[in-house]
Structure formats: structure tokens, C-alpha cells
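# Descriptive analysis of the structure
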Amino acid sequence: MGTRAFGAAALIALLAHAAPAWAEDGAVPECRAAMAAQWPDLVRADRPGNPPVITIGTAAVVEEPANALTRDPLRGDLAKLAEICAKDRTALADILILDAQRARFNAEPQRALEVLARADVQPGDRSYGLYQAERLMALTMTGGIDAAWPAVLDAHEQALAASGFTLERRFTVQGIAFRAYAHKERAKGWLLIGLRPNGEIETLRAGIPDWAVRYAFEGDTPPFDVSNTRCTISGKYFEDGGATFDERMNLDAIIAILEANYANPERDGNADERPGVPDFCPNLKDMLPAFGPVLEFLGTEYREKSAGYSELDLQLALQSEDEAERAAAADYLLDHPDAADPMNLIYAVTALIERGDMERATFWYFIWQTRTRPWMAADSNIAQLRGALAAGVGPVVLEWVGSDYDAMMALWRRAIRYELQFPLYKRAPQGVKAKDWTRMIAEARDQNSEANMLADFPAKADYEAKRQENGLNVGPWINPGRPLKDEWR
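Residues numbered from 1 in each chain as written. Predicted model: local features only at pLDDT ≥ 70, side-chain atom pairs only at ≥ 80, totals over all residues. Heavy atoms only, no water.

## Here we look at the overall build of the chain
Heads up, the condition is: Elements are defined by DSSP. Helices are runs of H or I of four residues or more, strands are runs of E of two residues or more, and each kind is numbered from the N terminus. For every residue, the accessible area obtained with a 1.4 Å probe (protein chains only) is divided by the maximum for its type, and the residue is called buried under 20%, exposed over 50%, and partly exposed between those limits. The contact definition used throughout considers only heavy atoms, calling two residues in contact when any of these lie within 4.5 Å. Every accessible area reported is derived by Shrake-Rupley at a probe size of 1.4 Å, with residue values counting cover from the shown protein chains alone.
Of the regular secondary structure elements, the chain holds 19 helices and six strands. A total of 489 residues make up the chain; the buried ones form 50% of that total. Once local pairs closer than 6 in sequence are excluded, the contacts in the chain between residues at least 24 apart make up 69%. For the chain, the accessible area works out to roughly 22700 Å², and carbon and sulfur atoms hold 52% of it.

Here it is, written out as C-alpha cells:
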């Protein structure tokens, strides 16, 4: 094996595909036009029933109702769309996954499996994780968890192989059947997938922890770490943080560590009797990382890029689990900041942070504060949401921007002035009269004006001294990302 550090971040990077196939693979124009027109309504249509309530255990089996064939009104529409898209691999797979999902909601797990078997879904496709999650649930409904996991684990092993991982060994620790994988070239460490007797999956990453990666260049041998991830619980399984990753840390040593830790009930925080996985585990990508994220359909997948967004599509895309979709929606909103109510600007801010565009993120965070202030005054529920969002994002951008006092003040002034330039969102909160809304907006802008926000700000020397006292950086911005657009003035 090579020398690259191995941790959660490294594993995700190894399993990621630089150019996911779903965007253009086999695109058929007439199919994509039909998908653009029909897909949003199909995705957002009511499900034919409620998801079957099942106990995911060794004996869980759901019988399909005898009259199921007549219960889904969209089946014919999906079949017609599948005919149009028969030669478009990606679109056809998405249609079949949606059809199978609806069949599962309709308590037809066997039909769901038959439909899924027709889909050509490959590792790296946007829908691969969702496909595998649907397959897992349908298998569980037809034969119980004992029937589901072997097939799913074998599929995961194939996906790992596609990313360069090989099966090193199978072993059992305290009744948990593990498979240990190592990357052929790029990873130092192991990925271990374990199946508990009660049907739970145990995923462990053994190697150099994420926090040690950035120090590897210093030449010291980084510490060794075994971390555990499951659907709802994460934890460390190695007590001696001073151990180093060297030739002694082979697979036998890791197994010995696991034997010692799992034998101690106090250390094994996962010793519960909860069977199987919830329906469905939101962290399937952590449990079985080669499957990638479970990206639910939003209805925006086949939007014609030149057509812009409807407000609903924009709101959904801003909160998508797909980073590329979030980024595209954020770019659109920042070019059309009145296209959605201003609370949505915070999702554009987080998308900018994800891309490392900290100067842009901070600029728009300042604008978000002003634009949402009257909404907060109009609705106490919005005020609570705004407070929670500010508590999560605010410290990140404010700690970053505050390292350079003069640059921060200039950025803040520019944001205050630009907020006055672009149109307001077209609607007011429900129940607020137009004249009252105009007054509330004026009051919010006054509260966030330069005079009120900056005039009483601490002097530069005092501010920098306080940052140094708190151990924060003082100096030029670190990694500001892309500069502000010229038109943002």
C-alpha cells in the first residue's frame, strides 16, 4: 500500500468520481425534454399509500396485497415515460427507481425488486445510493434482514472494487462477522464492514485519523485510530491515542484492538438489541461508503438549465444533498436574489462556504441578516429559525472575516450598501399590510445601517487584542476564495 493518510475524509475522496455519469451519460434529447416536462410532477405526486410499517428483523416479511396493481394511478405515466427514455440509461434508471419506490410505498416489495432489476445503475451515478437504499428496503420487506444484507454487502464489495479496494480478510470479533478492505495504492489503513448477529451493520475505519492528516508533513509518524460509524452512533474504539501507525499496526494488530474493546461492554457503545436498520438509515453513505450519498429525488434533476428555476425548485435545490446542485442553485440565487424569500440566502451562504468562497459567504451573510430582520419581526417562528441558522453559520464567517479588521469593515460597508440596490422579494409575510411592511423594512435597514452596526464597533487595537486573547488569527484573510463580483456594489 502507498503512504496516503486514511480517514473518513480520505475514504470519501477515494470513493468519489470526478465526473459523475448521471449528468450527460447517454442523454437522448426527446427523453430529456419529456423528463423536463413531466419529472417534477411525478416526483412530487402523492405516494399511493404510507410506507409499510415493518420490524426490520430476521423474520420480517411483507405480503403484497392482492389488489395492488390497481392502486397506483401513476403507473401508466411512468411506463410511457420509460418507453420514451428506453435508450437513455440515466433517465430510465431514475424512472425505474421512482416506480420501485412507489411500489414499496404500495406494499409491493417483490414488484419493486423486479423493477429495480431493470435499472442499469453504476457506481458514481447520482442515483446509485438511492438505488441501493431502495433495494435494501425491498429485500428486507420480502425476506427479512437476513436475506437483505448478504446481497447488499456483495453489491457494496463490487462498488468498493470499482474504487480500487480489495477484500483482505474475513474474520469474526465477538460474534460480528467482518470483512476488511484495503485500497490497492492510495490508502494507508483499512475499511472494515461488520454484520452483527442481530442484523446491524458495523462500519469501522482503521488508520490515521482525520485530525492527524494535516500534521503528516511534519515528519512524525501519525497516531493510529479506530473509529466506528453506524446509523445513529459514532465512537472511538482505541484508547491509547499515543500509538503510532507503523509496521506493527497491521491487520492482526487491529483485530486484537477490536477484540479487547468489544469484549468490554462499557466500551462497546453499540451493544443494544435494536435489529436491522431504520427505514431508512440517513447515513447509509457512512455505513456503506462505496454506495455514495442517498440523494432523494427533488424533481429538479432534469430542469432545463436555461429556463431558470421556479421558486419551489430553487428552494429544493438549495437544500439538496447533492453538493453540485446546491452550488448551481446558490449561484442562481445570488444572481437573482429576489427569486426566493430572503431566508433562503443562508443556504447560498453555506454553499459558498463549502466551496471555500469565504469572502462571498461573509458578504451575503451580512445581507441575509438585514433582509431577514423584518421577517423575523413579523413572525416569531421565523425568528426562532433565523436564530438557529445564525448560530450555526454566523460563528464560522465572523471568526474568519474578523482576522483582518480593515478588510472586514470594508466588506461590511459594501454589503450594507449593496443590499439597498437589488429588488426586494415580491411578497410580504402573510397577514402583514403593505404600508406596515414598508415601515418594517425601513426599520430593519436602519438597525443594520453603517451608523448602527459599525459606529460603535470596538476600535481596531482593542478588537485585535481581544482576538489574540481568544487565540484567534489576526492578519490577512486566510483562503478568501473567489473575489466578489464587480456588480455586487
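## Some remarks on helix 3 (residues 75-84)
Under the convention used in this document: Read the arc as the range of directions from the helix axis to the C-beta atoms.
Residues Arg75, Leu78, Leu81 and Ala82 constitute the buried set of helix 3. Down the axis, helix 3 shows its buried residues gathered within 130° of arc, on one side only. Summarising the geometry of helix 3, the exposed residues directed more than 90 degrees from the buried face are Lys80 and Glu83.

## Here's the deal with helix 12 (residues 323-335)
Operational definition: An expected span of 1.5 Å times one less than the residue number is assigned to each helix. Here a polar contact means two N or O atoms within 3.5 Å. Within protein one must be a hydrogen donor candidate and the other an acceptor candidate, and residues neighboring in sequence count only if both atoms are side-chain atoms.
With 13 residues, helix 12 extends 18 Å from end C-alpha to end C-alpha; this agrees with the ideal 18 Å at 1.5 Å per step. When we look at burial in helix 12, the residues that qualify are Glu325, Arg326, Ala327, Ala329, Ala330, Leu333 and Leu334. In the core, the buried residues of helix 12 are packed alongside helix 11 (311-318), helix 13 (345-354) and helix 14 (358-378). Measuring from the side-chain oxygen of the N-cap residue of helix 12 to the backbone nitrogen of alanine 324 gives 3.0 Å; that N-cap residue is aspartate 322.

## Here we look at the nonpolar core
Across soluble globular proteins, nonpolar side chains show a tendency to be buried alongside one another. Rules: Joining through side-chain atoms within 4.5 Å is the link that ties buried Ala, Val, Leu, Ile, Met, Phe, Trp, Tyr and Cys residues into a set, and such a set is a nonpolar core.
Formed by 55 residues in total, the largest nonpolar core has its most connected members in Met35, Trp39, Ile95, Trp149 and Leu288. At nine residues, helix 4 (residues 89-105) tops the list of elements feeding residues into this core. Residues within four places of tryptophan 39 in sequence aside, it is in contact with Ala34, Asp94, Ile95, Leu98, Phe297, Gly299, Glu301 and Tyr302. Within the second largest apolar cluster, 50 residues are counted, among which are Leu389, Val397, Met408 and Met409.

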